[in-house]
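Reading the structure
Here is what each chain is made of, one letter per residue.
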Amino acid sequence: MLWQCLASVMIPGATINGIVRLSTVIVTKIRVSSKISKWFPTFCGLGSIPLIIHPIDQAVDFILDNTTRRWMFNNEKDR
């Protein structure tokens, strides 16, 4: 449940939000047409999804392997 929350909801949401925010700033600074400035950030966010899936999954696995899972399995061995 923790892995699902981190790898599927929190981290991807924050990452996509950051990508959309950055692309909005870039579009605003270069002053493009209103249609481009409206839709470009959305397409950047959606387009980033296939690129961020595996790195986020691997990072969450690494984090949980070295924190929560280690703590859980160490407690089971002590019993």
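As a starting point, this report considers the structure included with it.

Topic: the packing of helix H1 (residues 2-30) against helix H2 (residues 34-65)
- For the pair H1 and H2, the least separation of the axes is 7 Å and the interaxial angle reads 145°. Classified by chirality, the crossing of H2 by H1 is right-handed.

Focus on the pattern of salt bridges
- Summed over all chains, the structure comprises 2 salt bridges.
- Note that Arg-69 and Asp-61 form a salt bridge whose closest N and O atoms lie 3.7 Å from each other.
- Residue classification places Asp-61 among the partly exposed positions, given a relative accessible area of 31%.
- As a salt-bridge pair, Arg-69 and Asp-65 come within 2.7 Å of each other at their nearest N and O atoms.

A word on a nonpolar patch on the surface
- On the surface, a nonpolar cluster with roughly 530 Å² of combined accessible area is contributed by Leu-22, Ile-26, Ile-30, Val-32, Ile-36 and Phe-40.
- The set of elements that each furnish at least two residues to the nonpolar patch consists of H1 and H2.
- Here the nonpolar patch takes 3 residues from H1, the largest share from any one element.
- Tracing the backbone through its elements, the reader meets Ile-30 in helix H1.

Re H1
- Here H1 spans 41 Å end to end across 29 residues, near enough to the 42 Å set by a 1.5 Å rise per residue.
- In H1, a bend of some 35° at Pro-12 exceeds every other bend along the element.
- The complete set of buried residues in H1 reads Leu-6, Ala-7, Pro-12, Ser-23 and Val-27.
- Packed against the buried residues of H1 are H2.
- Directly beyond the C-terminal end of H1, a positive phi value near 55° is found at Arg-31.

Some points on unusual backbone geometry
- Notably, Arg-31 is not glycine yet its phi reads approximately 55°, a positive angle.
- Looking at where Arg-31 falls in the secondary structure, it is placed in the loop between H1 and H2.
- Look at Arg-31 and you get exposed, because its relative accessible area is 77%.

Rules used in this analysis
Residues numbered from 1 in each chain as written. Predicted model: local features only at pLDDT ≥ 70, side-chain atom pairs only at ≥ 80, totals over all residues. Heavy atoms only, no water. Axes fitted to C-alpha atoms, helices over the stretch in contact; angles between N-to-C directions. Helix = DSSP H or I, 4+ residues; strand = E, 2+ residues; numbered from the N terminus. Left-handed = near helix turned anticlockwise from the far one by under 90°. Salt bridge = Lys/Arg side-chain N within 4 Å of Asp/Glu carboxyl O. Buried < 20%, exposed > 50% of the residue type's maximum accessible area, 1.4 Å probe, protein only. Patch = residues over 30% accessible without salt bridge, like charges linked within 9 Å, V, L, I, M, F, W, Y side chains within 5 Å. Areas by Shrake-Rupley, 256 points an atom, 1.4 Å probe, with all protein chains shown as cover. Expected span 1.5 Å × (residues − 1). Bend = angle between axes of the 7 residues up to and from the residue. Contact = heavy atoms within 4.5 Å.

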